There are 4 protein chains.
Amino acid sequence: MSMVYVALISYTPDPERTIAAAARVSTSPARASQLMQKLSPQAVDRLLSRLISSGHLSPFEHASFTFAIEGISRVTSHQLVRHRMASYTQQSQRYVPLKEFSYITPATISAKREMEAKYHQGVRAAHHLYLEMLDAGIPAEDARYVLPQAGETGLVMTMNGRELIHVCSLRLCLRAQWEIVELFEKVKAEVEKVAPHLGAELKPKCYRLGYCDEAESCGIFPIAVEMGERR
Amino acid sequence: MSMVYVALISYTPDPERTIAAAARVSTSPARASQLMQKLSPQAVDRLLSRLISSGHLSPFEHASFTFAIEGISRVTSHQLVRHRMASYTQQSQRYVPLKEFSYITPATISAKREMEAKYHQGVRAAHHLYLEMLDAGIPAEDARYVLPQAGETGLVMTMNGRELIHVCSLRLCLRAQWEIVELFEKVKAEVEKVAPHLGAELKPKCYRLGYCDEAESCGIFPIAVEMGERR
Amino acid sequence: MSMVYVALISYTPDPERTIAAAARVSTSPARASQLMQKLSPQAVDRLLSRLISSGHLSPFEHASFTFAIEGISRVTSHQLVRHRMASYTQQSQRYVPLKEFSYITPATISAKREMEAKYHQGVRAAHHLYLEMLDAGIPAEDARYVLPQAGETGLVMTMNGRELIHVCSLRLCLRAQWEIVELFEKVKAEVEKVAPHLGAELKPKCYRLGYCDEAESCGIFPIAVEMGERR
Amino acid sequence: MSMVYVALISYTPDPERTIAAAARVSTSPARASQLMQKLSPQAVDRLLSRLISSGHLSPFEHASFTFAIEGISRVTSHQLVRHRMASYTQQSQRYVPLKEFSYITPATISAKREMEAKYHQGVRAAHHLYLEMLDAGIPAEDARYVLPQAGETGLVMTMNGRELIHVCSLRLCLRAQWEIVELFEKVKAEVEKVAPHLGAELKPKCYRLGYCDEAESCGIFPIAVEMGERR
C-alpha cells in the first residue's frame with residue numbers, strides 16, 4: 001500500500017503572475033517590476049493559456065516549487081532522481097542507521113494473502129540481518145546492501161513549472177509505475193492549490209500530442225495509426 | 001556610464017531556512033516539513049556555515065531568486081546567458097521595434113571627451129539608419145543588424161542559491177568585464193536583503209581557493225607560485 | 001547574404017550504433033560492449049525508429065557532435081547560446097581586437113539597393129570609429145560597444161543527438177529567424193553525412209505534433225483548430 | 001567483493017586536440033577546423049595545462065566519453081545518477097525478470113566469515129521469494145521490491161571531460177563509498193588510455209583546493225585550520 005506523503009514546503013510566491021510577467025517582458029517595453037503589479041488575474045490567465053497552446057514553456061521556469069516527499073520506496077526514488085532538471089536532497093542510508101525499517105508494499109502483493117505474509121516476513125528477516133550486521137561492527141553503509149529496495153526514503157525536491165509539466169507528462173501516464181504515478185498525482189494536487197492554471201496543465205503527454213505514443217494505449221487517446229505519414 | 005537596474009521580484013520565502021531544512025533531511029530521520037518549523041535561526045546559521053566550509057553546496061539549490069534586470073547592454077546579456085544553470089526571458093528585438101534607443105556608454109569612453117562625443121554621434125547615426133530601414137519596409141528583426149551592441153536590454157532571470165555562488169565566484173572577480181561585475185554587485189545586494197548569510201558568500205573564487213588562479217592578480221590574493229607542487 | 005559555415009570537426013564514432021546499443025541495455029541482459037559488436041545495421045535502424053516513434057529520446061544523448069561554426073552574426077550567436085543543453089566556446093571580442101570587420105547582411109536589406117548601400121556605409125563607419133577608439137587607448141572590450149550586432153563571430157559547439165532533435169524542432173521552423181534556420185539546415189546536412197537516420201529526424205516540431213502550434217502556419221501542417229477539446 | 005567492470009565503448013576521437021582547438025578559438029582569429037590540424041601535440045599539452053591551472057574548464061566539455069558499466073550494485077547506481085550533467089541508460093528491473101540474481105558483497109562483510117555466510121543466505125532467500133512471487137503472477141516491477149539493494153545493475157553512461165573532472169573530484173575522495181571510488185578509479189584508467197593529460201587530472205578535490213574540506217582528512221592534505229581567515 002502506498003504511503004506517499006507530499007507537502008509543498010516552499011514556492012515562488014504568486015507563481016502564475018511571476019510567469020506571466022516574465023513572459024510579457026519578451027514582447028513588451030514595460031519593466032518586469034511594473035508588470036508584476038499591473039497584470040490583472042484575467043491577463044495572467046490569458047497569457048498562461050497562450051504560452052501553453054503555443055508550446056512556449058520557458059517562462060514557466062521562473063516559478064519554483066519545493067516539496068517534502070516521504071513514504072516512497074527506494075525503487076521510486078531511484079526513478080525520480082533520473083529527472084535531471086531538478087534539485088534533490090535525500091535521506092542518507094550511509095549515515096543514518098535504521099533501527100526501524102519502514103517499507104512499501106505493492107498492492108499486487110497485498111492482494112494475494114499468502115504472498116503478502118511471505119513478503120512481510122522476508123522484509124523483516126532482511127532488516128533483522130541488517131541489525132545483526134550493525135551489531136557485528138559492519139558499517140551502516142555496507143550493512144544496507146542486504147536491505148530490500150522496498151525501503152522507505154524521504155527527500156526534498158525542488159522543480160520549476162516547466163519541468164513539472166514535462167515530468168508529469170511522463171509520470172502521470174499510466175504506463176509509468178504505480179508508485180511514481182501516485183507521487184506525481186500528489187505533487188499535482190499540491191501545485192493546484194497555489195497555481196491552479198499550472199496545476200491543470202500537469203497531465204500525461206497524450207493530451208498534448210493528441211495521440212498515444214506508447215506501445216499500448218490506456219484508452220484516453222488512440223495510438224497513432226499512420227505513423228509513417230504523420231511523422 | 002552604467003545604468004544597471006536590478007530588482008528581486010520574487011524568491012523562495014525564508015530561503016535560508018529552506019536550505020537548512022533540506023540539508024538536515026539527509027542526515028536526520030525527521031520530516032522536512034517539521035524541520036521547517038523547528039530549526040532556530042542559530043541552527044540555520046550554523047548549518048549554512050558548515051555546508052559552505054565543506055563545499056556541500058547542493059542544498060543551496062532549493063532557494064530560488066527571480067530578478068528583473070534592466071539597463072544592461074547586449075554585450076553583457078550575451079555574456080550573462082552563457083550561464084546555463086538559470087532561466088532567462090529576454091526582451092526581443094525581433095518583435096519590439098525600437099522607436100527610442102537606449103544604450104550603455106563605457107566609462108573609459110566617457111573619460112575621453114572627444115571620443116565620448118563621437119561615440120554618441122555614432123550610436124545615434126546607427127539608430128537613425130535603423131529607423132530609416134523600418135520605414136523602407138525592412139522587418140525589425142533584420143534592421144536591428146545595424147544597431148550597436150551597446151543597445152540596452154532587459155530580462156527576467158531566475159537563479160538558485162548554488163548557481164549564484166558559482167556565477168558570483170566568476171563575475172565578481174575583477175578580471176570580468178566592468179558591466180557584468182556591476183550587475184552581480186547589485187544582484188548580491190538584493191540577495192543580502194533577504195538572505196544575509198547566502199549574500200555574504202557571493203564573492204570572487206579566490207576567497208574559496210585561497211589564491212588567485214588568473215594570469216594576473218588584482219591584489220586580494222597572491223597568484224599560486226608552486227602550481228606544480230600544489231596541483 | 002548568409003555566410004554561415006558549419007563543419008563537423010568531431011563526433012562519437014558510429015553514432016547510431018552507440019545509441020542503439022545503449023537503448024538495448026535497458027531491456028536486455030546482454031552487456032553493452034557486446035551489443036556494440038553484435039547489432040546489425042538493420043537492427044540499429046529498427047531500434048532508432050522505435051525510439052523516435054515512442055518519444056524515448058534519452059538514448060540519443062549518447063552520441064555527441066562537435067561543430068565549428070563560422071560566419072554567423074552576433075544576433076544569431078546570442079540566440080544560439082540560449083540553448084543550454086550544449087557546450088559553446090566562442091571567439092572573444094574582449095581579447096581579440098578586430099582590425100578587419102566581417103559582418104552579415106540580411107537578404108531583405110540586400111534586396112533594396114539604396115538601403116544596402118547605406119547599410120554597408122553605416123557598418124563601416126562604426127568599425128572606423130571602433131579603430132579610432134582603440135588608437136585613443138580605449139580597451140577593445142569597451143570600444144566594441146559601438147560595433148553593430150551584424151558582426152561576424154565564430155564558435156565551437158557540441159550538442160548531443162537528443163538536443164539536436166529538440167533544437168532543430170524549434171529552429172528549423174520557418175517562424176525562427178532566417179539566419180538560425182540556415183545555421184541548423186547546415187548542421188542537419190553535416191549530421192546526415194555520418195548519421196543518416198538521426199539526420200532525417202532533424203525537422204520542425206510540427207512533424208511530431210501533427211499540427212502547427214504557432215500563431216500562423218507556414219503551410220506544412222494546419223493550425224490545431226479544436227485546441228480546447230484537444231488539450 | 002567488487003565486480004565493477006568499466007569499458008570505454010565510444011568517445012570523441014582525438015579528445016585532447018578537440019578541447020585545445022575549441023579553447024584556442026576563443027582567443028584566436030583562426031578557424032576551428034584549421035586549428036584541429038595545425039596544433040602540435042606540445043601545443044595541445046601546454047594549452048590543457050593552462051586551462052586546468054586557471055580553472056577555465058568549459059572547453060573540456062567538447063570531449064565526450066561513453067562507458068559500459070557493469071557489476072555495480074543498485075546502491076551505487078542510485079548514487080551515480082545523482083550527477084546530473086551526464087547521460088545514463090540503465091538496465092530496467094521492470095521489464096527484465098531476473099532468473100539469476102547477481103549481487104555485490106561489501107568487503108567488510110566478506111571479512112567476517114559468519115556474517116558473510118548469513119549475507120549470502122539472506123540475499124538468496126530474498127531472490128527465492130522474488131521468483132515465487134513471479135510464479136504467483138506478481139509483475140516483475142512489483143516483485144522486485146523484495147530484492148536487496150546489493151543487486152547488480154548495468155548501464156551506459158556518457159560524461160564530458162569537464163564533468164569527469166568534477167565528479168572524480170568528489171568520488172575519488174576517500175570519504176566517498178568504496179564501490180563508487182572503485183568505479184571511478186576504473187573510469188579514470190579508461191580515460192588515461194586515450195586522453196592521458198585529462199586522465200591525470202581526474203583526482204580528489206583536495207588537489208585543487210590545496211587542503212581537505214571534509215570533516216576528517218585521509219592524510220593527503222591537512223584540514224584547513226584558519227577557515228575564518230581564509231574564506
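Since this is a predicted model, take the numbers as computed values, not measurements.

Enquirer: So what exactly am I meant to see when it comes to the interface of chain D and chain A here?
Expert: Contacts between chain D and chain A engage 49 residues on the former and 49 residues on the latter. Here chain D and chain A share an interface that buries about 4200 Å² over both sides, 53% of which is from carbon and sulfur atoms. Counting the surface chain D buries against chain A, the share from its top three residues, His78(D), Tyr145(D) and Gln149(D), is 20%. Between the two partners, chain D and chain A, sit two salt bridges. With a closest N to O distance of 2.2 Å, Glu132(D) and Lys118(A) form a salt bridge. There are 37 residue pairs in polar contact (both at pLDDT 80 or more) connecting chain D and chain A. The set of elements that each furnish at least two residues to the side of chain D that touches chain A consists of α4 (74-80), β3 (87-90), α5 (107-110), α6 (113-135), α7 (140-143) and α9 (178-194) of chain D. Of all the elements, α6(D) adds the most residues to the side of chain D that touches chain A, at eight residues.

Enquirer: What is the right way to read a nonpolar patch on the surface from this model?
Expert: Residues Met85(A), Met85(B), Met85(C) and Met85(D) make up a contiguous nonpolar surface patch of roughly 320 Å² in combined accessible area. Residue placement: Met85(A) occurs in the loop between α4 (74-80) and β3 (87-90). Residue class for Met85(A) comes out partly exposed when judged on its relative accessible area of 36%.

Enquirer: Even after reading the chapter, I still don't get the confidence of the model for chain A, so can you show me in this structure?
Expert: Any residue range with low pLDDT should be treated as having predicted coordinates unsuitable for detailed reading. Confidence along chain A averages 93 in pLDDT terms, with 96% of residues attaining 70 or more. Long-range and interchain partners of residues 226-231 of chain A, a stretch whose pLDDT sits below 50, account for 15 contacts in this model, where long-range means more than four residues apart.

Enquirer: For this particular structure, what's the right way to read the relation of the copies chain D and chain A?
Expert: Both copies of the chain are related through a single rotation about an axis accompanied by a shift along the same axis. Mapping chain D onto chain A calls for a screw motion: a turn of 180° about the axis and a shift of 0.0 Å along it, with 0.0 Å RMSD after fitting. Accordingly, the operation relating the two chain copies is best matched by a two-fold axis. When C-alpha positions in chain D are compared against the rotation axis, the closest is assigned to Pro148(D), at 2.0 Å. A share of 100% of the interface residues of chain D reappears at the interface of chain A, consistent with the copies meeting face to face through the same patch.

Enquirer: Sorry, what's going on with the nonpolar core here?
Expert: For soluble globular proteins, the rule of thumb is that nonpolar side chains tend to be buried together. Counting residues in each nonpolar core, the largest one holds 104 residues, and the members touching the most others are Phe67(A), Met157(A), Phe184(A), Phe67(D), Met157(D) and Phe184(D). Among residues more than four places away in sequence, those in contact with Phe67(A) are Val6(A), Ala7(A), Leu8(A), Ile9(A), Leu155(A), Val156(A), Met157(A), Leu164(A), Val187(A), Glu190(A) and Val191(A). In terms of nonpolar packing, the next biggest core, distinct from the first, is built from 103 residues, Phe60(B), Leu164(B), Phe67(C) and Leu183(C) among them.

Enquirer: Whenever I open this one, a positive patch on the surface confuses me. Can you help?
Expert: Residue and element names in this part refer to chain A. Side chains of Arg24, Lys38, Arg46 and Arg50 sit close together on the surface and give a patch of like positive charge. Among the secondary structure elements, Arg50 is positioned in helix α3 (residues 41-53). With relative accessibility at 54%, the residue Arg50 sits in the exposed group.

Enquirer: Would you explain the relation of the copies chain B and chain D in this entry?
Expert: Laying chain B over chain D is done by rotating through 180° and shifting 0.0 Å along the axis; what remains is an RMSD of 0.0 Å. Interface residue correspondence from chain B to chain D reaches 100%, placing this contact among same-surface, isologous pairings.

Enquirer: Could you clarify how one ought to interpret unusual backbone geometry in this entry?
Expert: Peptide bonds are trans in most cases, and residues, glycine excluded, mostly fall at negative phi. Not every positive phi belongs to a glycine, and Asp14(A) is a case in point at roughly 50°. Summarising the element assignment, Asp14(A) is placed in the loop between β1 (5-11) and α1 (15-25).

Enquirer: Would you mind showing me how to read the environment of Leu174(C) here?
Expert: Residue and element names in this part refer to chain C. On the secondary structure map, Leu174 appears in the loop between α8 (161-171) and α9 (178-194). Through-space distance from the C-alpha of Leu174 to that of Cys218 is 6.9 Å; in sequence the pair is 44 residues apart. In this structure Leu174 touches Val181 and Cys218, once residues within four positions along its chain are discounted.

Enquirer: Is there a simple way to think about the side chain of Asn160(D) in this case?
Expert: Residues and elements named next belong to chain D. You can see Asn160 is positioned in strand β4 (residues 152-160). By relative accessible area, which is 18% here, Asn160 ends up buried. Looking at Asn160, its side chain comes within polar contact range of the main-chain nitrogen of Glu163, at 2.9 Å. Those residues in contact with Asn160 that sit more than four places away from it in its chain are Phe60, Glu61, Ala63 and Ser64.

Enquirer: Please clarify how the packing of aromatic side chains should be interpreted in this entry.
Expert: Each aromatic ring pair is described using two quantities: the centre-to-centre distance and the angle formed by the ring planes. If you walk through the whole model with that rule in mind, you get 20 aromatic pairs over all chains. Plain terms: the ring middles of Trp178(B) and Tyr145(C) are 5.9 Å apart, the flat faces sit at 20° to each other, and that makes the pair stacked. Taken together, the residues span two chains, with Trp178(B) in helix α9 (residues 178-194) and Tyr145(C) in the loop between α7 (140-143) and β4 (152-160). Feature note: the residues Phe101(A), Tyr103(A) and Tyr119(A) constitute an aromatic cluster, connected by ring pairs.

Enquirer: Honestly, α3(A) in this entry has me stumped. Any pointers?
Expert: In an α-helix, one turn spans 3.6 residues, which is why side chains three or four residues apart end up on the same side. Residue and element names in this part refer to chain A. A rise of 1.5 Å per residue sets the reference length of α3, with its 13 residues, at 18 Å; its end C-alpha atoms lie 19 Å apart and thus fit the reference within 8%. Those residues of α3 lying buried are Ala43, Val44, Leu47, Leu48, Leu51 and Ile52. Buried residues of α3 fall within an arc of 165° about the axis and therefore sit on the same side. For α3, the exposed residues set more than 90 degrees away from the buried face come down to Gln42, Arg46 and Arg50. Two residues or fewer past α3, Gly55 is found with a positive phi of approximately 70°.

Enquirer: How do you make sense of the domain arrangement of chain A when you look at a structure like this?
Expert: Reports often express the size of an interface as the amount of accessible area lost when the parts come together. Assigned domains within chain A: domain 1 (5-88 + 153-205) and domain 2 (105-146). Relative to domain 2 of chain A, the C-alpha centre of domain 1 of chain A lies at a distance of 36 Å.

Enquirer: Looking at this structure, how should I read the interface of chain B and chain D?
Expert: With 22 residues of chain B at the contact, the number on the chain D side is 22 residues. Here chain B packs against chain D, burying approximately 1600 Å² in sum over the two surfaces, 37% of which is carbon and sulfur. The interface formed by chain B and chain D includes four salt bridges. Across the salt bridge formed by Arg84(D) and Glu61(B), the nearest N and O atoms sit 2.8 Å from each other. Run the count over chain B and chain D and you get six residue pairs in polar contact (both at pLDDT 80 or more). The greatest single-element share of the side of chain B that touches chain D, amounting to three residues, is contributed by helix α11 (residues 206-209) of chain B.

Enquirer: Would you explain the environment of Ile223(C) in this entry?
Expert: Residue and element names in this part refer to chain C. Looking at where Ile223 falls in the secondary structure, it is placed in the loop between α11 (206-209) and α12 (227-230). Classification of Ile223 by relative accessible area gives partly exposed; the value is 30%. Not counting residues within four places of it along the chain, the set of residues in contact with Ile223 comprises Cys212, Glu214, Ala215, Glu216 and Ser217.

Enquirer: What is the right way to look at the side chain of Glu70(B) in this model?
Expert: Turning to its location among the elements, Glu70(B) is positioned in strand β2 (residues 64-73). When near neighbours in sequence (up to four residues on either side) are disregarded, Glu70(B) contacts Arg31(A), Ala32(A), Ser33(A), Met3(B), Val4(B), Tyr5(B), Glu152(B), Thr153(B) and Gly154(B).

Enquirer: How should the pairing of strand β4 (residues 152-160) of chain A be read in this particular structure?
Expert: On a regular strand, each side chain points to the face opposite its neighbour's, so the side chains alternate between the two faces of the sheet. All names here are of chain A. Within β4, eight of the nine residues are buried, which leaves the element mostly enclosed by the surrounding structure. As paired strands, strand β2 (residues 64-73) and β4 are joined by eight bridges and run antiparallel to one another. Of the residues in β4, the one forming a bridge with Ile69 is Leu155. Here four bridges tie β3 to β4, and the two strands are oriented antiparallel to one another. If you follow Tyr88 over to β4, its bridge partner there is Met157.

Enquirer: Help me out: how do you make sense of the sheet that holds strand β1 (residues 5-11) of chain C in this one?
Expert: Backbone-to-backbone hydrogen bonds pair the strands of a sheet. The strands run either parallel or antiparallel. Residue and element names in this part refer to chain C. The strand order β1-β2-β4-β3 describes an open sheet built from four strands, whose pairing is antiparallel. Both edges of this open sheet fall to β1 and β3 (87-90), since each of them pairs with a single strand only. On average, each strand axis in the sheet is inclined to that of its neighbour by 20°, with strand direction left out of account. On top of the sheet, α9 reaches β1, β2 (64-73) and β4; it is set at about 145° to β2, its chief contact.

Thresholds applied
- Residues numbered from 1 in each chain as written.
- Chains lettered and ligands numbered in written order.
- Predicted model: local features only at pLDDT ≥ 70, side-chain atom pairs only at ≥ 80, totals over all residues.
- Heavy atoms only, no water.
- Contact = heavy atoms within 4.5 Å.
- Buried area = accessible area lost by both parts, 1.4 Å probe.
- Salt bridge = Lys/Arg side-chain N within 4 Å of Asp/Glu carboxyl O.
- Polar contact = N/O pair within 3.5 Å; in protein donor to acceptor, adjacent residues only side chain to side chain.
- Helix = DSSP H or I, 4+ residues; strand = E, 2+ residues; numbered from the N terminus.
- Patch = residues over 30% accessible without salt bridge, like charges linked within 9 Å, V, L, I, M, F, W, Y side chains within 5 Å.
- Areas by Shrake-Rupley, 256 points an atom, 1.4 Å probe, with all protein chains shown as cover.
- Buried < 20%, exposed > 50% of the residue type's maximum accessible area, 1.4 Å probe, protein only.
- pLDDT = per-residue confidence, 0-100.
- Least-squares fit on C-alpha atoms with pLDDT ≥ 70 in both.
- Core = buried A, V, L, I, M, F, W, Y, C linked by side-chain atoms within 4.5 Å.
- Lys, Arg positive; Asp, Glu negative; His and termini not counted.
- Charge placed at Lys NZ, Arg CZ, Asp CG, Glu CD.
- Phe/Tyr/Trp six-rings, centres within 6.5 Å; stacked < 30°, edge-to-face > 60°.
- Expected span 1.5 Å × (residues − 1).
- Arc of directions from axis to C-beta.
- Domains from an automatic or database assignment.
- Pairing = 2+ DSSP bridges.
- Axes fitted to C-alpha atoms, helices over the stretch in contact; angles between N-to-C directions.

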